Protein chains: 2
Amino acid sequence: MKLIQSRDNPLFKHLRALVEDARYRREQAASLLDGDHLLRAALDAGIAPRRVVLGARAQTQELVTALLERLPPSCELLELSDALLRQLSPVETPSGVLAEIALPVPAAVSFAGATGDILLLEGVQDAGNLGTLLRTAAAAGIQQVFLSAQCAQAWSPKVLRAGMGAHFVLQIHEHVALDELLAQWPGEILATALDPRAENLFAIDLRPPVAWMFGSEGRGLSAGVLACATRLAQIPMASGTESLNVAAAAAICLFEQRRQRSQ
Amino acid sequence: MKLIQSRDNPLFKHLRALVEDARYRREQAASLLDGDHLLRAALDAGIAPRRVVLGARAQTQELVTALLERLPPSCELLELSDALLRQLSPVETPSGVLAEIALPVPAAVSFAGATGDILLLEGVQDAGNLGTLLRTAAAAGIQQVFLSAQCAQAWSPKVLRAGMGAHFVLQIHEHVALDELLAQWPGEILATALDPRAENLFAIDLRPPVAWMFGSEGRGLSAGVLACATRLAQIPMASGTESLNVAAAAAICLFEQRRQRSQ
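Within each chain, residue numbers correspond to sequence positions counted from 1 in written order. Each chain is given a letter, starting from A, and each ligand a number, starting from 1, according to the order in which they appear as written. pLDDT decides what is reported in this predicted model: residues at 70 or higher carry local features, side-chain atom pairs at 80 or more are listed and counted, and totals for whole chains, interfaces and linings draw on all residues regardless. Where side-chain values are given, they derive from all heavy atoms of the structure, hydrogens and water being excluded.

Going by the annotation in an unreviewed UniProt entry, the name recorded for chain A is RNA methyltransferase, with Uliginosibacterium sediminicola given as the source organism. Quoted verbatim from the Sequence similarities (unreviewed entry) heading of the UniProt record, the comment on chain A is "Belongs to the class IV-like SAM-binding methyltransferase superfamily. RNA methyltransferase TrmH family." UniProt positions are given in the numbering used here, feature names are shortened, and annotations may be inferred rather than shown by experiment.

Asker: Even after reading the chapter, I still don't get the packing of aromatic side chains, so can you show me in this structure?
Answerer: The description of two aromatic rings rests on the distance between their centres and on the angle between their planes. Residues and elements named next belong to chain A. In this scheme Phe, Tyr and Trp rings, the latter by its six-membered ring, pair at centre separations within 6.5 Å, and the angle between planes marks the pair as stacked below 30 degrees, edge-to-face above 60, and tilted otherwise. Per the counting criterion, the structure on display carries eight aromatic pairs over all chains. Residues F111 and W185 carry aromatic rings whose centres are separated by 5.0 Å and whose planes lie at 90° to one another, so their mutual orientation is edge-to-face. Of this pair, F111 sits in the loop between β5 (97–102) and β6 (118–121) while W185 sits in the loop between α8 (178–182) and β9 (188–192), and the two are 74 residues apart along the sequence. Burial classes follow relative accessibility: with a 1.4 Å probe on protein chains only, a residue under 20% of its type's maximum area counts as buried, one over 50% as exposed, and anything between as partly exposed. By relative accessible area, which is 6% here, F111 ends up buried. In this structure W185 comes out as buried when scored by relative accessible area, which is 6%. Helix and strand assignments come from DSSP, with helices taken as H or I runs of at least 4 residues and strands as E runs of at least 2, each series counted from the N terminus.

Asker: Which parts of the structure should I look at to understand the environment of L133(B)?
Answerer: Residue and element names in this part refer to chain B. As for its placement among the helices and strands, L133 is situated in helix α6 (residues 127–139). Counting along the chain gives 66 residues from L133 to L67, while the straight-line C-alpha distance between them is 27 Å. When residues no more than four places from it in sequence are discounted, the contact partners of L133 are L119, L121, V124, V246, A247 and A250. In this analysis, two residues are considered to be in contact whenever any of their non-hydrogen atoms come within 4.5 Å of each other.

Asker: Got a minute to help me understand empty space enclosed by the protein in this structure?
Answerer: One simple way to see leftover space: roll a probe sized like a water molecule over the atoms. Throughout, the protein atoms alone are placed on a 1 Å grid, and a set of points is a cavity if a 1.4 Å probe fits but cannot get out or a pocket if it is open with protein on both sides within 12 Å along at least five of seven lines; lining residues have an atom within 4 Å of a point. Grid points are joined across faces, edges and corners, and a volume is the space filled by probe spheres set on the points. Across all of its chains, the model carries four cavities of 30 Å³ or more by this definition. Along the walls of the largest cavity sit F202(A), I252(A), F255(A), E256(A), F202(B), I252(B), F255(B) and E256(B), which together make up its complete lining. Every element with two or more residues in the lining of the largest cavity is listed here: α10 (246–262) of chain A together with α10 (246–262) of chain B. Polar here means any residue outside two lists: the nonpolar Ala, Val, Leu, Ile, Met, Phe, Trp, Tyr, Cys and Pro, and the charged Asp, Glu, Lys and Arg; Gly therefore counts as polar. Class assignment for the residues of the lining of the largest cavity results in six nonpolar, no polar and two charged.

Asker: Explain the sheet that holds strand β12 (residues 231–234) of chain B to me, please; I cannot follow it from the model alone.
Answerer: Backbone-to-backbone hydrogen bonds pair the strands of a sheet. The strands run either parallel or antiparallel. Residue and element names in this part refer to chain B. A strand pair is defined by DSSP finding two or more bridges across the two strands. Spatially, seven strands are ordered β8-β7-β6-β11-β9-β12-β10 in an open sheet, and the strand pairing comes out parallel. Two strands lie at the open edges of the sheet, namely β8 (171–173) and β10 (199–200), each paired on one side alone. When strand β6 (residues 118–121) meets strand β7 (residues 144–147), the two strands line up parallel, connected through four bridges. In the strand pairing of β7, L120 is matched with F146. Along the sheet, α6 contacts β6, β7 and β8; its crossing angle with β6, the most-contacted strand, is approximately 170°. Where α10 meets the sheet, it contacts β9 (188–192) and β11 (210–214), and its direction lies at approximately 165° from that of β11. Working convention: axes come from line fits to C-alpha atoms, limited for helices to the stretch in contact. Angles between N-to-C directions cover 0 to 180 degrees.

Asker: Whenever I open this one, the pairing of strand β4 (residues 76–80) of chain B confuses me. Can you help?
Answerer: On a regular strand, one side chain projects to one face of the sheet and the next to the other, so that they alternate. Residue and element names in this part refer to chain B. Bridge count between strand β1 (residues 2–4) and β4: three bridges; the pairing is parallel. Note that in β4 the partner of L3 across the bridge is E79. Across five bridges, the pairing between strand β3 (residues 51–55) and β4 is parallel. In the strand pairing of β4, R51 is matched with E76.

Asker: Sorry if this is basic, but what is going on with the pattern of salt bridges here?
Answerer: Side-chain pairing between opposite charges can occur once the charged atoms of the two side chains come close. Take a side-chain nitrogen of Lys or Arg and a carboxyl oxygen of Asp or Glu: if they are within 4 Å of each other, that pair is a salt bridge. By the definition in use, this model includes 26 salt bridges over all chains. Where E256(B) meets R259(B), a salt bridge forms, and the shortest distance between an N and an O atom there is 2.9 Å. Linking E256(B) with R259(B), this pair stays in helix α10, spanning three residues, or about one helical turn. What emerges from the salt-bridge pattern is a single network uniting R50(A), R51(A), E76(A) and E100(A).

Asker: Hey, could you run me through the sheet that holds strand β12 (residues 231–234) of chain A in this one?
Answerer: All names here are of chain A. Spatially, β8-β7-β6-β11-β9-β12-β10 is the arrangement adopted by the seven strands of the open sheet, whose pairing is parallel. In the strand order of this sheet, the two ends are held by β8 (171–173) and β10 (199–200), each with one partner. Those strands touched by helix α6 (residues 127–139) are β6, β7 (144–147) and β8, and its axis lies near 170° from that of β6.

Asker: Looking at this structure, I do not really get the relation of the copies chain A and chain B. What am I missing?
Answerer: Each of the two chain copies can be brought onto the other by rotation about an axis and movement along it. Superposing the copies works by least squares over the C-alpha atoms of residues that have pLDDT at least 70 in both of them. When chain A is fitted to chain B, the residual RMSD is 0.0 Å, and the transformation amounts to a turn of 180° plus an axial shift of 0.0 Å. In symmetry terms, the pair is related by a two-fold rotation axis. Taken as a fraction of all interface residues of chain A, those also at the interface in chain B reach 100%, which identifies the copy contact as same-surface.

Asker: Honestly, unusual backbone geometry in this entry has me stumped. Any pointers?
Answerer: Generally, phi is negative for residues other than glycine and the peptide bonds are trans, each holding for most cases. Positive phi values are uncommon outside glycine, yet H175(A) reaches one of about 55°. Along the chain, the position of H175(A) falls in the loop between β8 and α8.

Asker: Even after reading the chapter, I still don't get helix α1 (residues 10–20) of chain A, so can you show me in this structure?
Answerer: Residue pairs spaced three or four apart in an α-helix point in one direction, given the helix's 3.6 residues per turn. Taken together, the buried positions of α1(A) are L11(A), F12(A), H14(A), L15(A), A17(A), L18(A) and V19(A). Pairing of N or O atoms within 3.5 Å defines a polar contact, subject to two protein rules: one partner must be a possible hydrogen donor and the other a possible acceptor, and residues neighboring in sequence count only if both atoms are side-chain atoms. Sitting at the amino-terminal end of α1(A) is N9(A), which places a side-chain oxygen 2.7 Å from the backbone nitrogen of L11(A).

Asker: Can you help me understand the interface of chain A and chain B in this one?
Answerer: How big an interface is tends to be reported as the loss of accessible area on association of its parts. Facing 26 residues of chain A, the contacting portion of chain B comprises 26 residues. Buried area, as used here, totals the accessible surface that two parts lose on assembly, with accessibility defined by a 1.4 Å probe and the loss added over both. Both faces combined, the contact of chain A with chain B buries some 2300 Å², and carbon together with sulfur accounts for 61% of it. Together, R135(A), F255(A) and R259(A) form the three largest contributors to the area buried by chain A at its contact with chain B, with a combined 24%. Remark: the boundary between chain A and chain B carries four salt bridges. In this assembly, chain A and chain B are joined by twelve residue pairs in polar contact (both at pLDDT 80 or more). Considering only residue class, the side of chain A that touches chain B consists of 13 nonpolar, seven polar and six charged.

Asker: Whenever I open this one, the domain arrangement of chain A confuses me. Can you help?
Answerer: Residue and element names in this part refer to chain A. As annotated, the domain borders come from an automatic or database domain assignment. For chain A, the assigned domains read domain 1 (2–102) and domain 2 (118–262). One C-alpha centre belongs to domain 1, the other to domain 2, and the line joining them spans 31 Å. Tallying the contact residues gives 18 residues for domain 1 and ten residues for domain 2. Taking both sides of the interface into account, the surface hidden between domain 1 and domain 2 amounts to around 1100 Å²; carbon and sulfur atoms contribute 67%. For the domain 1 face of the interface with domain 2, the top three residues by lost area are R25, H37 and L38, together amounting to 32%. On inspection of domain 1 and its partner domain 2, the count reaches zero salt bridges. Elements that contribute at least two residues to the side of domain 1 that touches domain 2 include exactly α1, α2 (22–28), β2 (30–34) and α3 (36–44). Taken together, the residues that form the side of domain 1 that touches domain 2 break down as 13 nonpolar, two polar and three charged.

Structure representation (C-alpha cells):
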C-alpha cells in the first residue's frame, strides 16, 4: 500500500481539492466519502470506489478490515499519515477511512406512467439542510430528486455526510430548470406556503403521485416556480410561530403522505 | 452613540467572548443575537436587550431603524466598524445588528395538572439540529424543553440562529437529569426506536399529553433514559433505509400528534 506523508504529494493535493473545491469536483466528476458508514452504503448500492484512503489507526479496526474485503481489485488503496488525514476530514474525530467515487450519472428522466413522487428543491444552499432533505426523501420512498442550479452541490462531502447514504438510493438530478421539468409532470405539484389560498396539509388527499417543491430557507420558492404549483399546502402551526426549517417541513409533508397511503 | 474600532476594546472583547466561549456565556448568563429577525422575536417576547450593536451600514436600514425605536432607554447602543462586526458574525452576509441579552431563567417545573407536551433531548450536540428541534417544538405548540448536560448550549449564537426565535416562546431547561424529571411526569413517555417492540407511530393515540424523547445523532438515547419510555414508536420508512435526522424524526412525531388532535 502506498503511503503518503507529504502535503506536496500530487495525489494528496487531488484529494484535498475534492474536499474543498466544488468546481474541481465537477470537473473530475468525483467526490470523497468520509467514514465507514458512507463507504458501506456506497458498496451496498453497487458503487465501486476508485480509491480508498486509510489513516494508520483505521487499518486495525475490524469494521474497516471487513469493508476492505469488499473492494474491487481496480480500487487503489492508499495510506495517509494522521496529520494529512485530518486535513481532509472536517469532523473532530476522523473515522480514518475516505473513499473517492465517481459521481453517478442519473438515468434520463421520463414521467410516462409515473407512479412515484418526486422532490424538487430550489436554492437550498445549506449543506446540512440539503443532506437532511435527501435523507428524508429516501426514507419516505422517493426515488428522484431535482435540484435547481442555485442549490448547494449535492455530492459535496458535507452534503454526503448529512445524507447518511441517501445519495446512493436516489437519482439526483442537478442544475435542473424546474419549471421546464414540471411542464412534463402529469400529477399534482405541491408547495408549502403561507398563503390564504393554501389548504391544510392534513386535509389534502396525498395518495396520488405528487411533485413536492421546497425553496430556500430565506426566500422560499421563486415566483416562477411557485406558479407551477397545482395546490398550496400549509402545515398548521401553533399561534405565535410562523415557520419551520425547510427539512423539517419536508419531513412532515412526505411522512404525512406515507401515513395516508398506509391507511 | 459610542463607536468601537479597536479589537483591543474591552467591550469588543466581551462581545467576542459571548460569541465564541460557551463558559463565558454561562458565567455572564448572557448571549448575543445576530440579525434583525432574532432581535424582533426577542422584543416581541418582552425580552429587553442589554446592548445593541450596529454596523455602519445597518443604521440606514429602515428595518433596523424601526427596531431601534422599540428598545428600552436602559439599552446601550454601540457602533462597530464593519471589520470588527464581521468578526462577531459567522454568516457570510452579516445583518449588521447584534443584541446582547440576559439569558431568561425558566420558571420552576411543575407537572401538576399538566396538559401540555414536553420535549426531552439527550446529547444533541449539533447546533443546527438543536436549533431546528427547538423551532419545530415551538411550531408544534410545545412550551417546555429539557436538555441533558451533554447537549450543545441552547443559547449559543448558532443554536439561536437555527432556532429562528423559538427560544423566546419556549421554556428551555438545561443540564437536566432526564430520568429524575421523568419520575414526576404523569403521562406517556415516548421515544422513537428501531426495536421489535416499537409500535407504528401512526397507530398510536397521541392525543393525551406526551413526554417526547430524542437522543444524539450517533448513539440515540442512553439505556437509562430509554428505560423510562412507556412506549416505543417507529416511523415507518421505505425499505433499504434505516434512519432519519433527529430533527426530521421529531418533526414527523410532533406534527402527527398535532394532526391527530385536529381531527
